[in-house]
Amino acid sequence: MELLETLECCSPLAGEPLDTGQALRLARVFKALGDPVRLRIVSIVASHAGGEACVCDLTASFDVSQPTISHHLKVLKQVGLLTSERRASWVYYRIVPEMMAELSDLLDLSGALGGSREGGVSRQGGGR
């Protein structure tokens, strides 16, 4: 089941409560990111030169089998975090910027908590 549908939430969590459908879709995305290998894959792809990484670059970065990496990539594609393109015998992966922007917007609590993105959110006990 592909979950590439657009998330319907753009306001921060503190702006208004999520409805059930939004919560279900977002839970799948966060569950995918909750795995350390998947989180590293997203980080590697996002920080790779040109904004894309070949599957060969990814498998070299992990101490797991190529089928395991393929499984993780499939999960990340299903939740809409990555997209891919086959070029000759290699597959290249890119971050889906719209999904990352939606997650960023969702988690932006700076206005609700009295802080700002530039200065960080004020926290009891010190902050940033």
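In the block above lies the structure referred to throughout.
Predicted model only: the values in this text are computed from it and were never measured. Counting from 1, residues in each chain are numbered in the order their sequence is written. Reporting of local features is limited, given that this is a predicted model, to residues whose pLDDT is at least 70; pairs of side-chain atoms are given and counted only at 80 or more, and all residues count toward the totals for whole chains, interfaces and linings. Side-chain metrics in this entry use all non-hydrogen atoms of the structure; hydrogen atoms and water are not considered.

Some thoughts on unusual backbone geometry
Argument step 1. A positive phi angle, near 55°, is found at Ala 88, a position not held by glycine.
Argument step 2. Think of it this way: any DSSP run of H or I at least four residues long counts as a helix, any run of E at least two long counts as a strand, and we number them from the N terminus. Take Ala 88: it is sitting in the loop between strand S2 (82–87) and strand S3 (90–95).

Points about the pattern of salt bridges
Close approach of charged atoms allows side chains with opposite charge to pair.
Argument step 1. One speaks of a salt bridge when a side-chain nitrogen belonging to Lys or Arg is within 4 Å of a carboxyl oxygen belonging to Asp or Glu. On inspection of all chains with the given rule, the structure shows three salt bridges.
Argument step 2. One salt bridge in this structure joins Glu 52 and Arg 87, with 2.8 Å as the shortest N-O distance. With Glu 52 in strand S1 (residues 52–54) and Arg 87 in strand S2, the pair connects residues that are 35 residues apart, well separated along the chain.
Argument step 3. Assessed through its relative accessible area of 15%, Glu 52 is described here as buried.
Argument step 4. The cut-offs for exposure are 20% and 50% of the maximum accessible area for each residue type, with area from a 1.4 Å probe on protein chains only; residues under the lower value are buried, those over the upper are exposed, and the others partly exposed. Exposure remark for Arg 87: the relative accessible area of 30% places this residue in the partly exposed category.
Argument step 5. It is possible to trace a salt-bridge network through shared partners that takes in Glu 52, Glu 85, Arg 87 and Arg 94.

Overview of the nonpolar core
Argument step 1. Core analysis: the largest hydrophobic core is formed by 28 residues, its most contacted members being Ile 41, Val 45, Leu 58, Leu 73, Leu 81, Leu 82 and Tyr 93.
Argument step 2. Of all elements in the fold, only helix H1 (20–33), helix H2 (36–47), S1, helix H3 (55–59), helix H4 (66–78), S3 and helix H5 (97–107) reach the threshold of two or more residues within this core.
Argument step 3. With five residues, the single largest contributor to this core is H2.
Argument step 4. Beyond its immediate stretch of four places on either side in the chain, Tyr 93 contacts Val 45, Gly 51, Glu 52, Ala 53, Val 55, Leu 58, Leu 73, Lys 77, Leu 82, Thr 83 and Ser 84. Definition used in this section: a nonpolar core is a set of buried Ala, Val, Leu, Ile, Met, Phe, Trp, Tyr and Cys residues joined via side-chain atoms within 4.5 Å. Throughout, a contact is declared for two residues whenever any of their heavy atoms are within 4.5 Å.

Comments concerning the packing of aromatic side chains
Any two aromatic rings considered together are summarised by their centre-to-centre distance and by the angle between their planes.
Argument step 1. Classification of ring pairs rests on two measures: the distance between centres of Phe, Tyr or Trp rings, Trp counted by its six-membered ring, which must be within 6.5 Å, and the angle between planes, read as stacked under 30 degrees, edge-to-face over 60 and tilted in between. Taken as a whole, this structure holds zero aromatic pairs when the rule is applied.
Argument step 2. Placement of a charge over a ring requires the Lys NZ or Arg CZ to be within 6 Å of the ring centre, with the centre-to-atom vector within 35 degrees of the ring normal. Positioned over the ring face of Tyr 92 is Arg 87, at 4.4 Å from the centre of the ring.

Quick word on the pairing of S2
Argument step 1. Two strands make a pair as long as DSSP finds a minimum of two bridges between them. Two strands pair when backbone bridges link them, and S2 and S3 are joined in this way by six bridges, in the antiparallel orientation. Directly across from Arg 87, in S3, lies its bridge partner Trp 90.
Argument step 2. Turn length for the S2-S3 hairpin, with the two strands adjacent in sequence and antiparallel, is two residues, and the turn residue Ala 88 shows positive phi of about 55°.

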